[in-house]
Number of protein chains: 2
Amino acid sequence: MPNSPRPKGRLLAIGGHEQRQAKDGHEKSADFILQRFVEELPGPRTVVVIPTASEEPYEAAQDYLDVLTTLGVEHVEVLNVQSREQADSDETQALIDRADGVLFTGGDQLRLTALIGGTRLLGRLTERYLHEPIIIAGTSAGATAMSTPMIYQGRNDAGFLKDEIHITTGLQLLRDVAIDTHFVRRGRIVRMAQIIATNPGCVGLGLEEDTAVLITKGRELEVIGNGIVVLLDGHHCTGNTIYEIAPGEGFSIRDLRLHLLARGQRYTLPGFYGAD
Amino acid sequence: MPNSPRPKGRLLAIGGHEQRQAKDGHEKSADFILQRFVEELPGPRTVVVIPTASEEPYEAAQDYLDVLTTLGVEHVEVLNVQSREQADSDETQALIDRADGVLFTGGDQLRLTALIGGTRLLGRLTERYLHEPIIIAGTSAGATAMSTPMIYQGRNDAGFLKDEIHITTGLQLLRDVAIDTHFVRRGRIVRMAQIIATNPGCVGLGLEEDTAVLITKGRELEVIGNGIVVLLDGHHCTGNTIYEIAPGEGFSIRDLRLHLLARGQRYTLPGFYGAD
């Protein structure tokens, strides 16, 4: 099983553009993702915001400082990692050790994997995720980077031509799941299908904006927020041409299983080789 | 069987924004949809262009006059139906009788069904489609209107909330198929899923721009053009909540079958009750 042993921590993958403040009549955590994040925090409520994906990290972090403080988080700390040396430092390690929750902002997921992949920061965070009830949240690029494989390039409406997308190893808090965000608005179903065509052992998890999944035990998903979650499962696919065609040609694939899930729905990710 | 007896005519449903002239090195009909349309015409090559869906019908028709003439069509005639009386007239009937091919332009599909549905024009066209080798093409709204059910409203990136889309009876040249166009670019997978959720006896046929399906015998599809065709089949769906939730709530549905097909791929639409 790829994600065993079952992690004690939880992941919160958010599709981007999540609501930043409670609206009148919508103050419940069922549709206010960040409030739910705060409610699920264990212990003394320290959240570390990592704005490394963003080109404007201080602005990106400030947004979350304000909303998380309003929602009652006692200590919000910003860890603006801009080098691998910094990600390997004792100071960074100490900050990760204090966190009840971590939040990766949006931006470019390739900055996250290039700067954090293989560092002590990620090692310690993974260790805590496996053995402690920490919550690791990510929005937009911060969500995409959580899992592996990770898509990092591709025109939004594309992904139809072979090799038009690029995939690499993500932060591996979740395996055999490809997360994509801003999913419906940017028309990303085709590029998700190409990721799956290249290896149908992966499940595609498409998150609409202001929509999230809370992932427990490494595989149990609960949908929260105001939009839709799309799951694309290729375990039983047929007619896949991706390995037969030349680069630049359009691929075909049949019998993908598509699930559309609204708030409150639950879904268990398939185990390795599709076994439950 | 909903589409029997097997029609002798053919349908060409185009996803919009089709290439209007041959490009260097791309003069083959495999990717030049309108050339393929002309090649497939039977007999003496009269094409009737119906720009009724468009708010600027003469401009819409002129585009096709030019390209079809260049491609060698001998007689291109414009039938700008703007009233039901006109659609019922003997003159209109005579024009339909002369056509080897008919082409519905883009615009608003609701104009097409409201002005042509139930008229002698549609009756005669349907009769000829069933019994003669005529080709009926439609692009964008002109493709959407061909089949039934027909979607006619819905924000492009929406379709997730119950009743956010609107469906009516299309021109019924094809039944139990919902056609949607500009499919990938406008992120329309969710609204297609809602159409299917309301009655999984229908198959969704999503056409990307500059992409088409040629439909033979009422059910045999061949993909042509430069993009992707998406087929969404709900016959084996599970977890459909559309009949349980209130208007304005998000729906869920699982186990839709998704097929992505590139140029040259073939697909046979399921028969009634999903039987082949």
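Residues numbered from 1 in each chain as written. Chains lettered and ligands numbered in written order. Predicted model: local features only at pLDDT ≥ 70, side-chain atom pairs only at ≥ 80, totals over all residues.

S.K.: So what's going on with unusual backbone geometry? Which residues, and what values?
M.R.: The residue after A:Thr148, namely A:Pro149, is reached through a cis peptide bond having omega 5°. In this structure, A:Lys217 takes a positive phi of about 55° despite not being glycine. Position of A:Lys217 relative to the elements: it lies in the loop between β12 (211-216) and β13 (220-225). Taking the C-beta count within 10 Å as the criterion, A:Lys217 has 15 such neighbours and is therefore assigned partly exposed. Positive phi values are uncommon outside glycine, yet B:Ser140 reaches one of about 55°. Mapped onto the fold, B:Ser140 is located in the loop between β5 (135-139) and α7 (141-144). (Helix = DSSP H or I, 4+ residues; strand = E, 2+ residues; numbered from the N terminus. Buried ≥ 20, exposed ≤ 12 C-beta atoms within 10 Å, placed from the backbone.)

S.K.: With reference to specific residues and values, describe the packing of helix α4 (residues 90-98) of chain B against helix α6 (residues 120-131) of chain B.
M.R.: Residue and element names in this part refer to chain B. Between α4 and α6, the least distance of the axes is 9 Å, while the angle of their chain directions is 20°. What the angle tells us is that α4 and α6 run roughly parallel. The way α4 lies across α6 gives a crossing that is right-handed. For the pair α4 and α6, the contacting residues are Thr-92, Gln-93 and Ile-96 in the first and Arg-120, Leu-121, Arg-124 and Leu-125 in the second. (Axes fitted to C-alpha atoms, helices over the stretch in contact; angles between N-to-C directions. Parallel < 35°, antiparallel > 145°, perpendicular 65-115°, else oblique. Left-handed = near helix turned anticlockwise from the far one by under 90°. Contact = placed C-beta atoms within 7 Å.)

S.K.: Can you tell me about helix α8 (residues 189-198) of chain A, naming the residues and giving the values?
M.R.: Of all the 10 residues making up α8(A), 10 are buried; the element is thus mostly covered by neighbouring parts of the structure. Those residues of α8(A) that fall on the buried side of the exposure criterion are A:Ile189, A:Val190, A:Arg191, A:Met192, A:Ala193, A:Gln194, A:Ile195, A:Ile196, A:Ala197 and A:Thr198.

S.K.: So what's going on with the sheet that holds strand β16 (residues 266-268) of chain A? Residues and values would help.
M.R.: All names here are of chain A. Pairing within the open sheet is mixed, and its eight strands lie in the order β3-β2-β4-β5-β1-β12-β13-β16. Because the sheet does not close on itself, it has two edges, and the strands there are β3 (75-78) and β16. Ignoring strand direction, the axes of neighbouring strands in this sheet form an average angle of 20°. One ladder, built from four bridges, connects strand β2 (residues 46-50) with β3; its direction is parallel. Directly across from Val-48, in β3, lies its bridge partner Glu-77. (Pairing = 2+ DSSP bridges.)

S.K.: So what's going on with the pairing of strand β5 (residues 135-139) of chain A? Residues and values would help.
M.R.: Residue and element names in this part refer to chain A. Most of β5 is tucked away, with five of its five residues classed as buried. Alternating positions in β5 separate into two faces, Ile-135, Ala-137 and Thr-139 on one and Ile-136 and Gly-138 on the other, with burial throughout. Pairing of strand β1 (residues 10-14) with β5 involves five bridges; the strand directions are parallel. Within β5, the position partnered with Arg-10 by the bridge is Ile-135. One ladder, built from four bridges, connects strand β4 (residues 101-104) with β5; its direction is parallel. Its bridge partner lying in β5, Leu-103 is registered against Ala-137.

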